[in-house]
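# Architecture and fold: a report
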Amino acid sequence: MKPNTQQLNDFSTQVRRDILRMVHAVNSGHPGGSLGCTEFFVALYQVLMERKEGFDMDGNEEDLFFLSNGHISPVFYSVLARSGYFPVSELATFRLINSRLQGHPTTHEGLPGIRIASGSLGQGMSVAIGAALAKKLNHDNHLVYSLHGDGELQEGQNWEAMMYAAAYKVDNYIATIDVNGKQIDGSTDEVLHMGDLKAKFEAFGWDVLEIKDGNNIEAIIAGMSDAKSRTGKGKPVCVLLYTEMGNGVDFMMHTHAWHGKAPNDEQLAKALAQNPETLGDY
């Protein structure tokens with residue numbers, strides 16, 4: 001059975017606690033974007049994706065996900081662990097020497113759920129398109145998903161990949177863009193204004209939809225279900241997911257300051273008070 005909305009919200013609250021505690025423990029990491037994408041990851045892994053038990057790198061006969069903006073690894077690790085890929089207790093090793101949970105996900109540690117190294121931005125779409133084409137060659141009707149930051153689209157490789165996906169009708173692929181309008185140096189408009197993303201993707205030949213309330217679990221499920229219904233029709237699908245960086249922690253929202261900064265003891269206590277324990281801390 002799929003979890004209900006309350007269960008999904010409780011799951012999300014616990015993931016936010018995990019994110020905050022992980023980055024605080026090592027005084028390092030990226031809480032802002034992780035908090036902003038919490039509901040998306042929870043919806044993806046708890047409701048939307050068709051997943052097999054266990055994990056193998058081939059990923060045959062199941063949906064695949066690729067995280068391109070790998071710096072938001074805290075949310076990815078938390079959701080993977082709480083979705084059964086590895087022990088939740090391992091979250092306590094985040095960014096420690098010899099840990100499988102490095103600051104940016106890598107594959108050589110063999111962490112279940114991690115399919116690509118994504119420390120360098122701008123590469124995830126190319127990888128996801130390759131995986132989607134492999135599924136077509138294997139007559140595997142499952143989907144490939146990816147997530148990208150809006151600031152990440154300033155990397156040129158994305159646009160080459162977008163042209164390729166449309167030209168070769170990679171229509172078993174859904175790319176989601178986390179549109180929070182912020183990156184490490186400020187707002188995306190100030191750093192490098194990208195104009196109308198919807199119009200740009202459409203001009204490149206994609207089918208585009210928007211999820212305006214990207215921190216609402218029901219809105220995400222409805223929007224991503226719509227995206228799934230658009231696959232198989234000759235076009236790759238893009239979802240523009242409008243989120244708030246630092247969502248769920250009032251002093252981390254509406255600013256880019258927490259893109260890559262950990263809370264101190266006092267700030268952690270304040271943030272955790274806004275996100276009470278629901279599923280049990282690691």
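Relevant structure appears above.
Summary of the structure given here. (Residues numbered from 1 in each chain as written. Predicted model: local features only at pLDDT ≥ 70, side-chain atom pairs only at ≥ 80, totals over all residues. Heavy atoms only, no water.)

## Some words on the overall build of the protein
- Helix and strand counts for the protein stand at 10 helices and 7 strands.
- The C-alpha radius of gyration computed for the protein amounts to 18 Å, which stays within 12% of the reference 19 Å derived for 282 residues, consistent with globular compactness.
- Taken along its principal axes, the extent of the C-alpha atoms in the protein is 50 × 45 × 35 Å.
- For the protein, buried positions account for 54% of its 282 residues.
- A separation threshold of at least 6 residues defines the contact pool for the protein, and within that pool the share at least 24 residues apart is 76%.
- Roughly 11500 Å² of accessible area belongs to the protein as shown, and the carbon and sulfur atoms make up 49% of that amount. (Helix = DSSP H or I, 4+ residues; strand = E, 2+ residues; numbered from the N terminus. Rg over C-alpha atoms; globule rule 2.2 N^0.38 Å. Buried < 20%, exposed > 50% of the residue type's maximum accessible area, 1.4 Å probe, protein only. Contact = heavy atoms within 4.5 Å. Areas by Shrake-Rupley, 256 points an atom, 1.4 Å probe, with all protein chains shown as cover.)

## Let's talk about the nonpolar core
- Formed by 55 residues in total, the largest nonpolar core has its most connected members in F40, F41, Y45, F65, Y77, F86 and M224.
- Looking at this core, the element that brings in the most residues is helix α3 (residues 38–48), giving 8 residues.
- Leaving out residues up to four positions away in the same chain, F40 has contacts with F65, L147, T176, I220, M224 and L241.
- Grouped together as the second largest cluster of nonpolar side chains are 27 residues, I116, M162, I177 and L197 included. (Core = buried A, V, L, I, M, F, W, Y, C linked by side-chain atoms within 4.5 Å.)

## Let's talk about the pairing of strand β2 (residues 144–149)
- Of all 6 residues making up β2, 6 are buried, and the element is well covered by its neighbours.
- Burial of the side chains of β2 extends over both faces: V144, S146 and H148 are buried on one face and Y145, L147 and G149 on the other.
- As paired strands, strand β1 (residues 64–67) and β2 are joined by 4 bridges and run parallel to one another. Looking at the pairing, L64 lines up with V144 of β2.
- In this structure, β2 lies alongside strand β3 (residues 173–179), joined through 6 bridges in parallel fashion. (Pairing = 2+ DSSP bridges.)

## Quick notes on the pattern of salt bridges
- Taken as a whole, this structure holds 13 salt bridges when the rule is applied.
- As a salt-bridge pair, K212 and E210 come within 3.7 Å of each other at their nearest N and O atoms.
- Residue classification places E210 among the partly exposed positions, given a relative accessible area of 31%.
- We note a salt bridge from D226 to R230, for which the minimum N-O separation is 3.2 Å.
- A relative accessible area of 33% means that D226 is categorised as partly exposed.
- Residue R230 is classed as partly exposed on the basis of its relative accessible area, which comes to 22%.
- Each of D207, D226 and R230 takes part in one network of salt bridges that share partners. (Salt bridge = Lys/Arg side-chain N within 4 Å of Asp/Glu carboxyl O.)

Read these as layout, nothing more, since geometry by itself doesn't imply function.
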